[in-house]
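Coordinates in review
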Amino acid sequence: MQRKNGEPASNVAQAAWVSYEWANQPYFSLITIFLFAPYFSSVFVGDAVHGQTVWGYVQAAAGIIIAVVSPFLGAMADAAGRRKPWIVAFMLMCFAGCIGMWWAVPGSPVMPIVLALITASVGMEFAIIFANAMLPTIASERRIGLLSGIGIGAGQLAGIVALLIVLVYLQLPGVVQASFIPDAPVFGLSKEAYETDRIVGPISGLWFVVFMLPLLFFVPDQVSRGLSRMAAAKAGVVRLGHTITKAWHFRNVALYLLSRMAFYDGMNAIFVFGGILAASTFHWGAMEMAIYGVWATLFAAIGAFAGGWTDQRFGSKSTLIVSLALALVSFVLLISFDRDRIFFIIPVEIVSDAKAFSSLPEQLFLGTIAFFALMAGPTIASSRTMLARIAPVEMMTEFFGLYSLAGKATTFVAPLLIGIVTAATGNQRIGLSIVVPLIVIGIVMLFFVKEERATAID
């Protein structure tokens, strides 16, 4: 299937593209943010502070690989034409890494799980590059912002559904009695052996494969240019080198990518480490983290849908600046809450037998994370739409490779610094505070970006 004469693809194809967001988000919700990351840190590694350090190194290693390889992959794909074969290959790579997480048994060697996490992360990010590059080839210029927002919103809803499935069928059985909750975790999984925590890896991988099928079957691909893999690789490297040497021609796009490099780094660090911070601060287990995940993801979905509308009405740049600024304010407020104090300095009495979410710091934390998620939704959607609006259509995959580079070139630095600072200070909040200047720098640079499309070079 191929888009013809520059016309938008059918509504079915556009809906199938949205399904890719439904496919990938549970990986981030279940693994990198709400469930597996806190389990890896507090249970598998066995110490929240050291676990955050190791998790930072894992994310840094994956980020380095993605940063180095993604621009070349994008250029190669543009030279070859077709994108779906790349998507299939990296989808299966991510699936294999997710399956490997099942063996994260406490006391077992850490390195195999680290390798599984890196494999899954690299596979997912590379698949996203090629799927994102399809957006401006299937939707009209006016509609891409709305479609991007709908996609992000649908993805957040998928995260909620996945979290609810884990909550109802794995975490609540044996704890809460209700007609819709089984008496024991499904498939005979054992909580004592942490099987209900480890299974989220395979669940995420299988979900990704199944819900990517509509994109593979119904979204039009680019026409193959008849190049062999070797010829495509050579042409891609030459093309990327040509683009870099002509960087001044694309200075507006380059400025935007540098801006995204800064603010995405900060936002991504908050997503990745926020769940670890919440779990260790309030001693939340898997059940509480699943509830927390549903809560935060619900507001991210609302924000993404709203962001699609504001993007279409006010433009990507304005939506980005406002949502980033408000997200930054909410993050500073977020790290001001601890078990025994609020707003950094106001003491609060700890009730040892209190139920989860009943203390004032927990409730303020939940309210603040809801607002942060509300702002994060439009940030994610509009950052992608912004590139789709200003990059040359003929070089879209290459620029989405550079877009991924801009998201990873410093993203490996932030987790690395968080890991180093957390290890040195023994304080998770001090480690996380490095995100503040990154987001500020990104916002300032955005003011100088023009929302206009660049022309391709010969």
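Rules behind the numbers
- Residues numbered from 1 in each chain as written.
- Predicted model: local features only at pLDDT ≥ 70, side-chain atom pairs only at ≥ 80, totals over all residues.
- Heavy atoms only, no water.
- Helix = DSSP H or I, 4+ residues; strand = E, 2+ residues; numbered from the N terminus.
- Buried < 20%, exposed > 50% of the residue type's maximum accessible area, 1.4 Å probe, protein only.
- Contact = heavy atoms within 4.5 Å.
- Areas by Shrake-Rupley, 256 points an atom, 1.4 Å probe, with all protein chains shown as cover.
- Expected span 1.5 Å × (residues − 1).
- Axes fitted to C-alpha atoms, helices over the stretch in contact; angles between N-to-C directions.
- Left-handed = near helix turned anticlockwise from the far one by under 90°.
- Nonpolar A, V, L, I, M, F, W, Y, C, P; charged D, E, K, R; others polar.
- Salt bridge = Lys/Arg side-chain N within 4 Å of Asp/Glu carboxyl O.
- Core = buried A, V, L, I, M, F, W, Y, C linked by side-chain atoms within 4.5 Å.
- Patch = residues over 30% accessible without salt bridge, like charges linked within 9 Å, V, L, I, M, F, W, Y side chains within 5 Å.
- Disulfide = S-S within 2.5 Å.
- Phe/Tyr/Trp six-rings, centres within 6.5 Å; stacked < 30°, edge-to-face > 60°.
- Lys NZ or Arg CZ within 6 Å of the ring centre and 35° of its normal.

The number of helices and strands found in the chain is 18 helices and two strands. Per-residue burial over the chain gives 57% buried out of 458 residues. Considering only contacts within the chain whose residues lie at least 6 apart along the sequence, 83% involve residues at least 24 apart. With the model as given, the accessible surface of the chain reaches about 18200 Å², and the carbon-plus-sulfur share is 69%.

Attention now goes to helix α14 (residues 360-390). With 31 residues, α14 extends 45 Å between its outermost C-alpha atoms, agreeing within 8% with the 45 Å of an ideal straight helix rising 1.5 Å per residue. Across the 31 residues that make up α14, a large majority, 24, are buried.

At their nearest, the axes of helix α11 (residues 251-282) and helix α13 (residues 316-334) sit 12 Å apart, and the two run at 35° to each other. Note on packing geometry: the crossing formed by α11 with α13 is left-handed. The segment α11 lies against α13, with Tyr256, Phe263, Met267 and Ile270 engaging Leu320, Leu324, Ala327 and Phe331. Split into classes, the residues belonging to the contact of α11 with α13 amount to eight nonpolar, no polar and no charged.

This model, assessed by the stated rule, comprises four salt bridges. A salt bridge links Asp338 to Arg341; the nearest nitrogen and oxygen atoms lie 3.3 Å apart. Since its relative accessible area comes to 27%, Arg341 is described here as partly exposed. The partner of Arg389 in a salt bridge is Glu451, and the shortest N-O contact between them spans 3.6 Å.

The next point concerns the nonpolar core. Trp17, Phe36, Leu215 and Tyr256 are the most contacted members of the largest nonpolar core, which has 121 residues in total. Ranked by residues supplied to this core, first place goes to α11 with 14 residues. Not counting residues up to four positions away in its chain, the partners in contact with Phe36 are Leu30, Ile31, Trp55, Met101, Ala104, Ile113, Leu117, Asp197 and Val200.

Bringing a nonpolar patch on the surface into the picture now. On the surface, Val332, Leu333, Phe343, Phe344, Ile345 and Ile346 cluster together into a nonpolar patch covering about 540 Å² of accessible area. Following the sequence through the fold, Ile346 ends up in strand β2 (residues 346-347).

Let's shift gears to the state of the cysteines. According to the stated counting rule, one finds zero disulfides in the structure shown. The thiol of Cys94 is unpaired, and the distance to the nearest cysteine sulfur, on Cys98, comes to 4.1 Å. Accessibility expressed as a relative area gives 0% for Cys94, which makes it buried.

Here we take up the packing of aromatic side chains. For the coordinates displayed, the defined rule picks out 21 aromatic pairs. Look at Tyr39 and Tyr194: their rings are 5.8 Å apart centre to centre, the planes differ by 50°, and that puts the pair in the tilted class. Separated by 155 residues along the polypeptide, Tyr39 in helix α2 (residues 36-44) and Tyr194 in the loop between α7 (144-171) and α8 (195-198) bring together distant segments of the chain. Taking the relative accessible area as the measure of exposure, Tyr39 reaches 5% and is therefore buried. For the pair Trp284 and Tyr292, a centre-to-centre distance of 5.5 Å together with 45° between the ring planes defines the contact as tilted. For the pair formed by Trp284 and Tyr292, the shared burial category is buried. The ring of Tyr264 has Arg260 lying over it, and the distance from NZ or CZ to the ring centre is 4.1 Å.

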